[in-house]
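Topology and contacts: notes
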Amino acid sequence: MSEISQTTSSSLTKAIALAAAFLFLYATVLAKLGRDWWSDENYSHGLLVPFVIAMIVWREWDSLKKTVTDPAKVLGIIAIVLAILMLFGGVLGSELFTQRISMVLMAAGVIVYFFGIRIINLLAVPFVLLLLAIPIPQIIFNRIAMPLQTYASQMAVWGIRLFSVPTVRKGNVIDILPRGSTQTISLEVVEACSGIRSLMTLVTLALILAYFTRRDETGKIANFSTADFIRAVILMITAVPIAVLTNAARVTGTGVMTYYYGKQATEGMWHDASGWLVYLVALVLLFAVNLVLKKILNRRDAEKVEEKRSGGVGENITSPAVPAAWGFVIILVLSGVAINWFANRAEIAVPRTSLATFPPTLGDWKQKGNDIKFEPGIESVLGTTDYTMREYTAPDGRIANIYVGYYASQRAGATYHSPQNCLPGAGWVLKEPQYITVTTADGRTFTANRYIIENGVYKEVMIYWYQGRGHIEASEYRDKINTVLDSVTRRRTDGAMVRVMTSVGSDEAASLTAASDLAARLAEQLPPYVPE
């Protein structure tokens, strides 16, 4: 065997070993990510992203080989160490997003270590596509998606009324009285607490479209020319209003059809067909915007095509130092052993009492009726291990509603749904936010959130907080930090979101006092059901 063949064989062996070690290290992360791509419609485009990345790498293979420079060893090692620390922290703290970002950083670090920093410029689009396929934390996603859902519902109502269809909007719920009917039908712009389905997909498709319609084959910024890069950014931003407009158009059509044909317009063939039609129209709009941007930017920017980078394959792509390559294999495998041990480490099972047996009496408050249950679809979205929702009455006749949603583990991604995200979708408007201090009978105090919420003629005061493992927090972000720390130090991620609501009536001060009293009584009784 010739020396060149031996070198090629050695490099191939090391590359395969590195890839296998990488897959071993991130096997659990990749498996969970794949399940999310399969089950979460917001990120179903992730199933196609690996194939698109492979196509881009194949198309750019010659350019990638010519772009290899001296290894950036220091920068690569920093990225790799940081990625391992992020992975350990993510696994110990049960934070999926951190684990997945660690995987991207690790891949970038290995590439930079062996092949230099310039190659990252050519691989920038594949890395961005991978980032766009990683589900962002639900707390952040809801913050982004909820306002867009509201805009979509507002535009849908405007569109429905253009067809002289009477309608009333309550948050993201639109009530329509079908022609000749006496019972209204409610249309939800989106499912409870979820985002606009096409949003992340359209942003990803916008980047793919911009990349494969580049005018130049090479460029300065992420392999884009300046004009093409500007076009890609504008196209990705434009995908957001396109998602809102197409979603609003779908609801408008459904609303008009509901007025004329009743409930069957909200289900069955029409409902499925309208979903596909939304994606098709959105794609057509993206292509149209792309064509317009190409004409405008190409006319204004007469930028010359950058000369092809010269140079051969170089020694770095075929002969990285043997100790370094095999050293990384050993590090990744050992890290994978430790990570997988921590990932499979069972959480401590804490004895607790079922919320079904929660006391019917809380101080002077008495339970009214039976426990209230959500519909199966909403229960599935909430993902609680155990919950109770019921009404209590005070001696003066005041009625209040309580909700306790308990999660035995938040390691797999199931977590609290903040009222700030869910209630607006049901038509409630949240006003006058502030923190209040709740004092229990034994003198303990804790901070909770207080809102005045309105839905049509209904006006209520709401108090809520997060409780578990000995913590009571008003902020969901501080609670998340506590959850991460407790997962590492105590092997526990259990906890609950607790909410109290009562009508404001004619005396807002009295309603706040009553809600605070019930909140204190509720918190006192929770430890057996939400263990400390």
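Residues numbered from 1 in each chain as written. Predicted model: local features only at pLDDT ≥ 70, side-chain atom pairs only at ≥ 80, totals over all residues. Heavy atoms only, no water.

**Some words on the overall build of the chain**
Spelled out, the test is: By definition, any uninterrupted DSSP run of H or I lasting at least four residues is a helix, any uninterrupted run of E lasting at least two residues is a strand, and each is numbered from the N terminus. By the convention used here, residues are in contact when the closest approach between their heavy atoms is within 4.5 Å. Values of accessible area rely on a 1.4 Å probe in the Shrake-Rupley scheme; residue burial ignores everything except the protein chains shown.
What the chain contains, in helices and strands, is 18 helices and 12 strands. Summarising the internal contacts of the chain: among those between residues at least 6 apart in sequence, 72% fall at separations of at least 24. Accessible surface, the chain as shown: approximately 25700 Å² in total, 64% of it carbon and sulfur.

**Section: unusual backbone geometry**
You will see that R469, though not glycine, has its phi angle at about 55°, which is positive. Position of R469 among the secondary structure elements: in the loop between β10 (458-468) and β11 (471-473).

**Some details on the packing of aromatic side chains**
Quick note on the threshold: Note on ring pairs: Phe, Tyr and Trp rings are taken, using the six-membered ring of Trp, and paired if centres are within 6.5 Å. Classes follow the plane angle, with under 30 degrees stacked, over 60 edge-to-face and the rest tilted. Burial classification: accessible surface area is computed with a 1.4 Å probe over protein chains only, and a residue below 20% of its type maximum counts as buried, one above 50% as exposed, and the rest as partly exposed. A ring is considered to have a charge above it if a Lys NZ or an Arg CZ atom is located within 6 Å of its centre and within 35 degrees of its normal.
According to the stated counting rule, one finds 12 aromatic pairs in the structure shown. Between Y113 and F114, the ring centres sit 5.0 Å apart and the planes meet at 80°, which makes this aromatic pair edge-to-face. As far as burial versus exposure is concerned, Y113 and F114 are alike and both buried. Geometrically, the ring pair formed by F374 and Y403 is edge-to-face, given 5.9 Å between the ring centres and 70° between the ring planes. Remark: Y403 occurs in strand β7 (residues 399-407) and F374 occurs in the loop between β5 (365-368) and α15 (376-382); sequence separation between them is 29 residues. The exposure class of Y403 is buried, given its relative accessible area of 5%. Ring pairs connect the aromatic residues Y113, F114 and F115, which therefore count as one cluster. Between the NZ or CZ atom of R352 and the centre of the ring of Y406, over which it lies, the distance is 4.1 Å.

**A look at the packing of helix α10 (residues 199-212) against helix α11 (residues 226-261)**
How two helices pack is summed up by the angle between their axes together with the distance between the axes. Stated formally: Every axis in this analysis is a line fitted to C-alpha atoms, fitted for helices over the stretch in contact. Angles between the N-to-C directions lie between 0 and 180 degrees. Each angle gets one of four labels, with under 35 degrees taken as roughly parallel, over 145 as roughly antiparallel, 65 to 115 as roughly perpendicular, and the rest as oblique. Left-handed describes a crossing in which the near helix is turned anticlockwise from the far one by less than a right angle; the clockwise case is right-handed. When residues are sorted by character, Ala, Val, Leu, Ile, Met, Phe, Trp, Tyr, Cys and Pro go into the nonpolar class, Asp, Glu, Lys and Arg into the charged class, and all the rest, Gly among them, into the polar class.
Where α10 contacts α11, the two axes come as close as 8 Å, and the packing angle between them is 155°. The angle between the axes of α10 and α11 places the two elements in the roughly antiparallel class. The two elements α10 and α11 cross, and the hand of that crossing is right-handed. Listed contacts from α11 to L199, L202, V203, A206, L207, L209 and A210 of α10 are R231, A232, L235, M236, A239, V240, I242 and A243. In terms of residue class, the contact of α10 with α11 is made up of 14 nonpolar, no polar and one charged.

**Looking at the pattern of salt bridges**
Note the cut-off: Salt bridges are defined by distance alone: a side-chain nitrogen of Lys or Arg within 4 Å of a carboxyl oxygen of Asp or Glu.
Scanning all chains against the criterion turns up 13 salt bridges. In this structure, the salt-bridge partner of D517 is R521, at a minimum N-O distance of 3.5 Å. Separated by four residues within a single helix, D517 and R521 lie in helix α18 (residues 508-525), roughly one turn from each other. Where salt bridges share partners, they join R469, D486 and R490 into one cluster.

**Observations concerning the nonpolar core**
For clarity, the threshold we go by: Put simply, buried Ala, Val, Leu, Ile, Met, Phe, Trp, Tyr and Cys residues joined by side-chain atoms within 4.5 Å make one nonpolar core.
Ranked by internal contacts, the top residues of the largest apolar core, which has 74 residues, are Y26, M106, L129, I174 and L286. Sorting elements by how many residues they give to this core places α10 first, with 10 residues. Counting residues in hydrophobic clusters, the runner-up holds 32 residues, among them Y392, A394, W465 and Y529.

**Describing the packing of helix α8 (residues 124-132) against α10**
Two numbers describe how α8 lies on α10: the axes approach to 10 Å, and their chain directions differ by 170°. When the axes of α8 and α10 are compared, the pair comes out roughly antiparallel. For the pair α8 and α10, the contacting residues are V125, V128, L129 and L132 in the first and M200, V203, T204, L207, I208 and Y211 in the second. Among the residues making up the contact of α8 with α10, the classes are represented as nine nonpolar, one polar and no charged.

**A few points about the pairing of β7**
Put simply, the rule reads: Strands pair, by our definition, only if DSSP identifies at least two bridges between them.
Among the nine residues that make up β7, eight are buried, leaving the element largely enclosed by the rest of the structure. By the bridge criterion, eight bridges tie strand β6 (residues 386-393) to β7 in an arrangement that is antiparallel. Residue pairing in the sheet places T393 in a bridge with I399 of β7.

**Some remarks on the environment of N223**
Among the structural elements, N223 can be located in the loop between α10 and α11. Classification of N223 by relative accessible area gives buried; the value is 0%. Between the C-alpha atoms of N223 and E60, which are 163 residues apart in sequence, the distance is 9.8 Å.

These figures capture arrangement, not role.
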